[in-house]
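Analysis of the macromolecular model
Here is how the chains run, residue by residue.
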Amino acid sequence: MDKRNQKQQPDPSNGSKRKREGCLDCSDYFMAVAVLTSKMSEDPNTQVGACIVNQDNKVVSTGHNQMPKGGEDKLSWARTGDKLDTKYLYVCHAELNAIMNKNSADVKGCTIYVTLFPCNECAKLIIQGGIKKVVYLSDKYKDDVLTISSKKMLDLAEIPYEQFYPKGAPEIVININPN
Ligand SMILES: Nc1ccn([C@H]2C[C@H](O)[C@@H](COP(=O)(O)O)O2)c(=O)n1
Ligand SMILES: [Zn+2]
């Protein structure tokens, strides 16, 4: 085609093969998905989100801490009092929900991005499910036996866990206003 008389279109890439400035890094995106997912939690004290990513860097699942089906409006989010009346015996952790929600056959070889270090029960699911890496944001219960035993099991299973640090800006603003 003769291009001599064609109008020059502005080229935003400027011929550059470099990433667009401000382009979201993959791991920042995955942790941001986990954080966004945590916003779905009804727990008034701690909202947890998880995002499971496969070896092709595709999100296969997300989950947040929520009461099991049927108990959503009936079970309490209390932290203290008679143990049977607190949330702890009932709440389904974000990691459990993410593993159960997967849109793939399994989670073998996947990485889980989670906003809080997995507890011992979630560590069991992570290990037995074949997840190969844990990336976490907060370790606020690091001195709790649940976290210590979780790390012990992950170490025995040789599953690395690393704290997340953003590669780009630590704050991502999402505007869902249509105007
Ligand atoms: N890795 C984790 C750890 C905890 N959760 C959930 C369970 C509760 O809803 C909440 C913790 O409550 P808190 O004792 O901080 O009032 O977080 C989870 O989903 N995943
Ligand atoms: Zn857990």
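Residues numbered from 1 in each chain as written. Chains lettered and ligands numbered in written order. Predicted model: local features only at pLDDT ≥ 70, side-chain atom pairs only at ≥ 80, totals over all residues. Heavy atoms only, no water.

Structural notes on the coordination of the zinc ion (ligand 2)
Every protein donor of the zinc ion (ligand 2) is listed here as His93 (ND1), Cys119 (SG) and Cys122 (SG), and their distances to the metal cover 2.0 to 2.2 Å. For the zinc ion (ligand 2), the single-chain donor residues occur in sequence as H-x25-C-x2-C. Highlighted residues: His93 in the loop between strand S2 (59-64) and helix H2 (94-100) and Cys119 in the loop between strand S3 (111-116) and helix H3 (120-129), separated in sequence by 26 residues. Judged by relative accessible area, His93 falls into the partly exposed class, the value being 30%. For Cys119, a relative accessible area of 12% corresponds to the buried category. (Donors = N, O, S within 2.8 Å, 3.2 Å for Na, K, Ca; no water. Helix = DSSP H or I, 4+ residues; strand = E, 2+ residues; numbered from the N terminus. Buried < 20%, exposed > 50% of the residue type's maximum accessible area, 1.4 Å probe, protein only.)

A short note on the site of ligand 1
Lining the immediate surroundings of ligand 1 are 18 residues, of which Asp43, Thr46, Tyr88, Glu95 and Tyr141 lie closest. Here Arg79 contributes a side-chain N or O atom positioned 2.7 Å from an oxygen atom of ligand 1. In the complex, the protein chains occlude 94% of the 470 Å² of accessible area that ligand 1 would expose alone. With respect to the detected pockets, ligand 1 is housed in the largest pocket. Considered class by class, the residues forming the shell around ligand 1 number 10 nonpolar, 4 polar and 4 charged. (Near = heavy atom within 4 Å. Polar contact = N/O pair within 3.5 Å; in protein donor to acceptor, adjacent residues only side chain to side chain. Areas by Shrake-Rupley, 256 points an atom, 1.4 Å probe, with all protein chains shown as cover. 1 Å grid on protein atoms, 1.4 Å probe; cavity = no way out; pocket = protein on both sides within 12 Å on 5 of 7 lines; lining within 4 Å. Sits in = over half its atoms within 2 Å of the grid points. Nonpolar A, V, L, I, M, F, W, Y, C, P; charged D, E, K, R; others polar.)

A look at the packing of aromatic side chains
Under the defined criterion, the tally for this structure stands at 4 aromatic pairs. Of the aromatic side chains, those joined through ring pairs into one cluster are Tyr29, Phe30 and Tyr113. One residue, Lys151, lies across the ring of Phe117, its end atom 4.7 Å from the ring centre. (Phe/Tyr/Trp six-rings, centres within 6.5 Å; stacked < 30°, edge-to-face > 60°. Lys NZ or Arg CZ within 6 Å of the ring centre and 35° of its normal.)

Topic: the pattern of salt bridges
A complete count under the given rule lists 5 salt bridges for this structure. Taking the shortest distance from any N to any O, the salt bridge between Lys87 and Asp43 comes out at 2.8 Å. Within this pair, whereas Lys87 is found in the loop between S2 and H2, its partner Asp43 is found in the loop between helix H1 (26-38) and strand S1 (49-53), the two being separated by 44 residues in sequence. Residue classification places Lys87 among the buried residues on the basis of a relative accessible area of 4%. Judged by its relative accessible area of 4%, Asp43 is buried. In this structure, the salt-bridge partner of Lys108 is Asp106, at a minimum N-O distance of 4.0 Å. (Salt bridge = Lys/Arg side-chain N within 4 Å of Asp/Glu carboxyl O.)

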